[in-house]
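# Summary of structural features
Read off the chains here:
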Amino acid sequence: MTPADTGASTVVDASAASAASDADSFEASDSRMAPGGPGYRRMSLALFLAGVATFALLYSTQALLPLISGDLGVTASDASWTVAAATGGLAVFVLPMSALSERFGRRTVMTASLAVAVTVGLLVPFAPSLPALVALRAAQGAALAGLPASATAYLAEEVRPRALVTAIGLFVAGNSVGGMSGRVITGWVAQEWGWRVAVGVIGLVAVACAAAFRLLLPAPKHFTPGSLRPRVLVRTVRDHLANPLLRRLYAIGALFMTVFGGVYTVIGYRLTEAPFSLPQGLIGTIFLVYLVGTVSASTAGRLVDRLGRRGALYLGAGTTAAGLLLSLAPSLPLVLLGLVLITAGFFAGHAVASSAVGKTARHGRAQASALYQSAYYVGSSAGSTVGAVAFHSGGWAGTAAVGVLAVLGVVVITVSGSLAARRQAAGAPVRALGLPR
């Protein structure tokens, strides 16, 4: 009997048409922002600029560490604390800031965070000593914690679901552009006028971004204030930390960032030494390699489709390890190629792990994401400090060795998840779940 005889096709077509009509009606009545609609461009530009300001400030001293060492008379490992303190402050405060944004609103917390961060940024160039500089950087990182804690939640509430991925992508693009441009600008400015002027320029750029952000960002229309209930927050955090899969993902994010933080904190020292002896401006320009990471992060979804999540993590770890080994060569082109591979592998692995957190968490997704970000920036702080100590003790080979050990940690965790998933598929009881496919 043909489909026309049974009426099945007619029923299916009618159901599909009805569903499509309902979806269209819902979209038409949805007051949230969408591409082409009122406020969407302003919102996108505002959050892009917020991302630029956040990462330009957060890593403003990273490309300047050799100059800071020379000016203040400190070692590479001591100077690295100007990076570790900022990322550590963000790691500690990102969870409390996520709770504050639930009570006082996303835009309010983001505005206050940027205002404090840029104010501190204008004080950083006048730090009289390393301890004062480190303290100011820690305060700056703590203030910036309000941005990642609130931006994603603002977008989820104010943007239509179909446009959400694109909107978040613009915010992440701002992060990448800010991290890259901050390092490039400081490198060239510092070469002419010193690290203090370079950091001051970044502070002024951040002031302009923060002012434009506040003027452009539309007022929230769909935010519902919640109460600050520490017991609920503690219970949610405890539930997430009790989930073995989330613990694996947090560890993977921290280990990937350990590699990245260590490499980019120390690379400036290596390139100022023989046989390279590069000027500060060229060293800053090397951070244009970040554009490779922007591309690899954007293609992570396709990697997951082809290889699965564990396969994509293996590829990211392998690419990162290959870059570390290649960077040992005493040849500038090979070192640069190594940095390209390290950056591509890191951003791909980070994108895979962070997206898996959202898929895994069944409740309290904002807190689950905040915990991932906290682990991620703890890894950045650890990598900056341990990588610099290793460089002081064993040169670039020491820093690369720290990175290889962190990559091996990613592989061990991923292999463990794969084995657990196979046992689960075979029907054997397991005590820890593997990574999601």
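These figures come from a predicted structure and were not determined experimentally. (Residues numbered from 1 in each chain as written. Predicted model: local features only at pLDDT ≥ 70, side-chain atom pairs only at ≥ 80, totals over all residues. Heavy atoms only, no water.)

## Let's talk about the overall build of the protein chain
Of regular secondary structure, the protein chain possesses 18 helices and zero strands. Out of the 437 residues belonging to the protein chain, those deemed buried represent 52%. Sequence separation of 24 or more characterises 82% of the internal contacts of the protein chain that already satisfy a separation of 6 or more. Summed over its atoms, the accessible surface of the protein chain is roughly 18,600 Å², and 67% of this surface lies on carbon and sulfur atoms. (Helix = DSSP H or I, 4+ residues; strand = E, 2+ residues; numbered from the N terminus. Buried < 20%, exposed > 50% of the residue type's maximum accessible area, 1.4 Å probe, protein only. Contact = heavy atoms within 4.5 Å. Areas by Shrake-Rupley, 256 points an atom, 1.4 Å probe, with all protein chains shown as cover.)

## Re unusual backbone geometry
Peptide bonds are trans in most cases, and residues, glycine excluded, mostly fall at negative phi. The amide bond that connects Ala274 to the next residue, Pro275, takes the cis arrangement and shows omega of 10°. You can see Pro275 is positioned in the loop between helix H13 (244-272) and helix H14 (280-285). One non-glycine residue, Ser277, lies in positive phi territory at about 50°. Structurally, the position occupied by Ser277 is in the loop between H13 and H14.

## Looking at the packing of helix H3 (residues 40-58) against helix H8 (residues 130-144)
Axis separation between H3 and H8 bottoms out at 10 Å; the angle between their running directions is 155°. Between H3 and H8, the angle falls in the class roughly antiparallel. Where H3 crosses over H8, the handedness of that crossing is left-handed. In contact with Thr54, Leu57 and Leu58 of H3, H8 contributes Arg137, Gln140, Gly141 and Leu144. (Axes fitted to C-alpha atoms, helices over the stretch in contact; angles between N-to-C directions. Parallel < 35°, antiparallel > 145°, perpendicular 65-115°, else oblique. Left-handed = near helix turned anticlockwise from the far one by under 90°.)

## As for the side chain of Thr82
Inspection of the secondary structure assignment puts Thr82 in helix H6 (residues 81-104). Not counting residues up to four positions away in its chain, the partners in contact with Thr82 are Thr61, Leu65, Ile68, Leu130, Leu133, Val134 and Arg137.

## A few points about the environment of Ala344
As for its placement among the helices and strands, Ala344 is situated in helix H17 (residues 332-360). The exposure class assigned to Ala344 is buried, which follows from its relative accessible area of 18%. Placed 24 residues apart in sequence, Ala344 and Thr320 show a C-alpha to C-alpha distance of 7.4 Å.

## Examining helix H12 (residues 230-242)
The terminal C-alpha atoms of H12 lie 18 Å apart, and with 13 residues this matches the ideal 18 Å at 1.5 Å per residue to within 8%. Within the sequence span of H12, burial applies to Thr236, Val237 and His240. Within H12, the buried residues cover an arc of 95° as seen down the axis, which keeps them to one side. Looking at H12, the residues exposed on the side facing more than 90 degrees away from the buried face are Arg231 and Ala242. (Expected span 1.5 Å × (residues − 1). Arc of directions from axis to C-beta.)

## Quick word on the packing of aromatic side chains
Note on aromatic pairs: each is described by the distance of the centres and the angle between the planes. Applying the stated criterion across every chain yields a total of 10 aromatic pairs. Considering the side-chain rings of Phe55 and Tyr59, the 6.0 Å spacing of their centres and the 35° angle between planes classify their relative orientation as tilted. With 5.0 Å between their ring centres and 70° between their planes, Phe346 and Phe347 make a pair best called edge-to-face. Phe347 matches Phe346 in its accessibility class, with the two residues each being buried. (Phe/Tyr/Trp six-rings, centres within 6.5 Å; stacked < 30°, edge-to-face > 60°.)

## Quick notes on a nonpolar patch on the surface
Together, Leu122, Leu204 and Val207 make up a nonpolar patch on the protein surface, roughly 240 Å² of accessible area in all. Tracing the chain through its elements places Leu204 in helix H11 (residues 195-216). (Patch = residues over 30% accessible without salt bridge, like charges linked within 9 Å, V, L, I, M, F, W, Y side chains within 5 Å. Salt bridge = Lys/Arg side-chain N within 4 Å of Asp/Glu carboxyl O.)

## A closer look at the nonpolar core
In summary, soluble globular proteins display a tendency toward joint burial of nonpolar side chains. Among the nonpolar cores identified, the biggest contains 117 residues, and Met43, Leu47 and Tyr264 are the most heavily contacted of them. Looking at this core, the element that brings in the most residues is H13, giving 16 residues. (Core = buried A, V, L, I, M, F, W, Y, C linked by side-chain atoms within 4.5 Å.)

## Notes on the side chain of Arg137
Along the chain, Arg137 turns up in helix H8. Of the side chains with opposite charge, Asp71 lies nearest to the buried Arg137, which makes no salt bridge, at 14 Å. Contact partners of Arg137, with chain neighbours within four places excluded, come to Leu57, Leu58, Tyr59, Ser60, Thr61, Thr82, Val83, Ala85 and Ala86. (Lys, Arg positive; Asp, Glu negative; His and termini not counted.)

## Digging into helix H9 (residues 146-158)
Its 13 residues give H9 an end-to-end C-alpha distance of 18 Å, which sits within 8% of 18 Å, the value for a rise of 1.5 Å per residue. The element H9 is largely enclosed, with a buried count of 11 among its 13 residues. Looking only at H9, the buried set comprises Gly146, Leu147, Pro148, Ala149, Ser150, Ala151, Ala153, Tyr154, Leu155, Glu157 and Glu158.

## Considerations on the confidence of the model for the protein chain
Of the residues in the protein chain, 85% reach a pLDDT of 70 or more, and the chain-wide mean stands at 82. Predicted confidence in the protein chain is weakest over helix H1 (residues 3-6), with a mean pLDDT of 41, and strongest over H8, with 96. Contacts for the low-pLDDT stretch residues 1-26, under 50 throughout, to residues beyond four places or in other chains number five contacts. Segment residues 430-434 is flagged for pLDDT under 50; beyond a separation of four residues in sequence, or across chains, it makes 15 contacts in the model. (pLDDT = per-residue confidence, 0-100.)

## Considerations on the environment of Thr236
Mapped onto the elements of the fold, Thr236 is located in helix H12. Thr236 sits 131 residues away from Gln367 along the chain, and the two C-alpha atoms are 7.4 Å apart. Ignoring any residue separated from it by four or fewer positions in sequence, one finds Thr236 in contact with His363, Gly364 and Gln367.

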